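Examination of the molecular architecture
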Amino acid sequence: MQSCASKSSDYIRSDFAGAQNCSLVEFRVVAVLLAVLECDRTFVYKTCVPTRVIAVANQKGGVGKTTTTVNLAACIADIGRSVLVYDLDPQANATSGLGLEKIEGASAYRVLLGEGNLQEKIRKTAFANLEVVPSEVDLCGADFELARAENHLRRVADSLQPITAGSAYDLVLIDCPPSLGVLTLNAFAASHGVLVPLQCEYYALEGISMLNRVMTQLHENGVNPALDLIGVVMTMYDGRTKLSQQVVGEVREHFGDKVFETLIPRSTRIAEAPSFGKPIIHYDKYSTGSAAYELLAQEFLARLDAKA
Ligand code: ATP
Ligand code: MG
């Protein structure tokens, strides 16, 4: 049963999605209304499901994987669900974007090689319901080391097993590196679904066929027959340019309703938030970027819940 306020929230969301060209002031009004409806959404989305593991992946670099991981995680945590960000990228941008220092030996690297357990690596963030398995540069070696190890595609899945078995978190979001190497394949083998950020630029679809092929292979060879494309999110959308609109149109033609209605706008505030170690929702809550990631969180959770 949807409550009245939740329906209003849906209405605002569809209005927002259809009006990406509206002014900053209008965006801010939407953001304020969403904040007013927040309590109600907390109630709606508290009906929790067993831990879901979602890999945020695209082998293309700089398309918004980390930005989406950090901000989606923060918005979902803010709604009241417990979220673990698993930073599987040696660049460790999700780690610093969540306000944590890169500390030697803090990453999952040793755990993936069979030493210790992942629970020991989990760190709290400054934000309620949001924890992180940090990364650091030693993860660079993992692609090479793991490739030679036994059961090498199941290392991330195995590391997560005690965490998912205990349902300690509602959601684990894995931030993948920009490649289809062993770490990303591990993330796919450990996940229920893949979330693909695509940047609104001319070559957006480049490389997606490769990602599709890898997912099909993982189905067919039995590594993860249940792996699902949870959705495609368009990032860095600029409604003033024809190019952005064309790219969204093309991607929608290709992926149909797999593409989230919410478009993440190109926003200076989103870009500067990581340098303060804060997700946008905590850096500038009433910004267009914050509103967009809040809306994405709602759409994303609705999809997850529909599959649960
Ligand atoms: P990599 O492949 O290197 O891991 P990535 O896919 O994780 O990159 P991000 O690091 O999230 O991409 O984003 C790349 C750059 O674009 C960063 O500088 C980030 O701050 C910026 N950026 C991401 N999303 C937006 C946005 N919506 N508006 C403005 N800048 C953005
Ligand atoms: Mg990244």
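1. Topic: the site of ligand 1
- Close to ligand 1 lie 19 residues, the nearest being Gly 61, Lys 65, Thr 66, Thr 67 and Pro 178.
- Within the residue set of the shell around ligand 1, elements represented by two or more residues are α4 (65-79) and α12 (268-272).
- Of all the elements, α4 adds the most residues to the shell around ligand 1, at 3 residues.
- Tallied by class, the residues present in the shell around ligand 1 amount to 7 nonpolar, 9 polar and 3 charged.

2. With respect to the pairing of strand β7 (residues 228-235)
- For β7, a buried count of 6 out of 8 residues is recorded, marking the element as mostly surrounded by other parts of the structure.
- With 7 bridges connecting them, strand β6 (residues 193-199) and β7 associate as parallel partners. When the bridges of β7 are listed, Gln 199 appears paired with Thr 235.
- For the crossover from β6 across helix α10 (residues 208-220) to β7, the handedness is right-handed.

3. Examining unusual backbone geometry
- The residue Ala 92 is not glycine, and still its phi comes out positive at about 60 degrees.
- Relative to the helices and strands, Ala 92 resides in the loop between β2 (83-87) and α5 (93-97).
- Phi at Asn 129 takes a positive value of approximately 65 degrees, unusual for a residue other than glycine.
- Turning to its location among the elements, Asn 129 is positioned in the loop between β3 (123-124) and β4 (130-133).

4. A closer look at helix α11 (residues 242-255)
- Relative to the 20 Å expected for 14 residues at 1.5 Å per residue, α11 spans 20 Å between its end C-alpha atoms, a close match to the ideal helical length.
- For α11, the complete set of buried residues consists of Ser 244, Val 247 and Val 251. Down the axis of α11, the sector holding all buried residues measures 65 degrees, keeping them to one side. Exposed and oriented more than 90 degrees from the buried face of α11 are Lys 242, Gln 246, Gly 249 and Glu 253.
- Of the surrounding secondary structure, the elements contacted by the buried residues of α11 are β6 and β7.
- Gly 256 lies just past α11 and shows a positive phi near 55 degrees.

5. Considerations on the packing of α4 against helix α14 (residues 288-307)
- Running from N to C, α4 and α14 cross one another at 75 degrees; their axes reach a closest spacing of 9 Å. Taken together, the axis directions place α4 and α14 in an arrangement best described as roughly perpendicular. Contact with α4, carried on its side by Asn 71, Leu 72, Cys 75, Ile 76 and Ile 79, involves Tyr 293, Glu 294, Leu 296, Ala 297, Phe 300 and Leu 301 of α14 and no other residues of that element.
- A class-by-class count of the residues in the contact of α4 with α14 yields 9 nonpolar, 1 polar and 1 charged.

6. Comments concerning the sheet that holds β6
- Judged by pairing direction, the sheet is mixed, and its 7 strands sit side by side in the order β3-β4-β2-β5-β1-β6-β7 without closing on themselves. With partners counted over all chains shown, the strands left at the sheet margins are β3 and β7, one partner each.
- Strand contacts of α4: β1 (52-56), β2, β4, β5 (171-175), β6 and β7, with the helix running at about 165 degrees to β5, the strand carrying the most contacts.

7. Some thoughts on the confidence of the model for the protein chain
- In this model, the protein chain carries a mean pLDDT of 86, and residues with pLDDT of at least 70 account for 84%.
- Across residues 1-22, where pLDDT falls below 50, the model places 26 contacts with residues more than four positions away in sequence or in other chains.

About the cut-offs
- Residues numbered from 1 in each chain as written.
- Chains lettered and ligands numbered in written order.
- Predicted model: local features only at pLDDT ≥ 70, side-chain atom pairs only at ≥ 80, totals over all residues.
- Near = placed C-beta within 6 Å.
- Helix = DSSP H or I, 4+ residues; strand = E, 2+ residues; numbered from the N terminus.
- Nonpolar A, V, L, I, M, F, W, Y, C, P; charged D, E, K, R; others polar.
- Buried ≥ 20, exposed ≤ 12 C-beta atoms within 10 Å, placed from the backbone.
- Pairing = 2+ DSSP bridges.
- Right-handed = clockwise from strand over helix to strand, strands pointing away.
- Expected span 1.5 Å × (residues − 1).
- Arc of directions from axis to C-beta.
- Contact = placed C-beta atoms within 7 Å.
- Axes fitted to C-alpha atoms, helices over the stretch in contact; angles between N-to-C directions.
- Parallel < 35°, antiparallel > 145°, perpendicular 65-115°, else oblique.
- pLDDT = per-residue confidence, 0-100.

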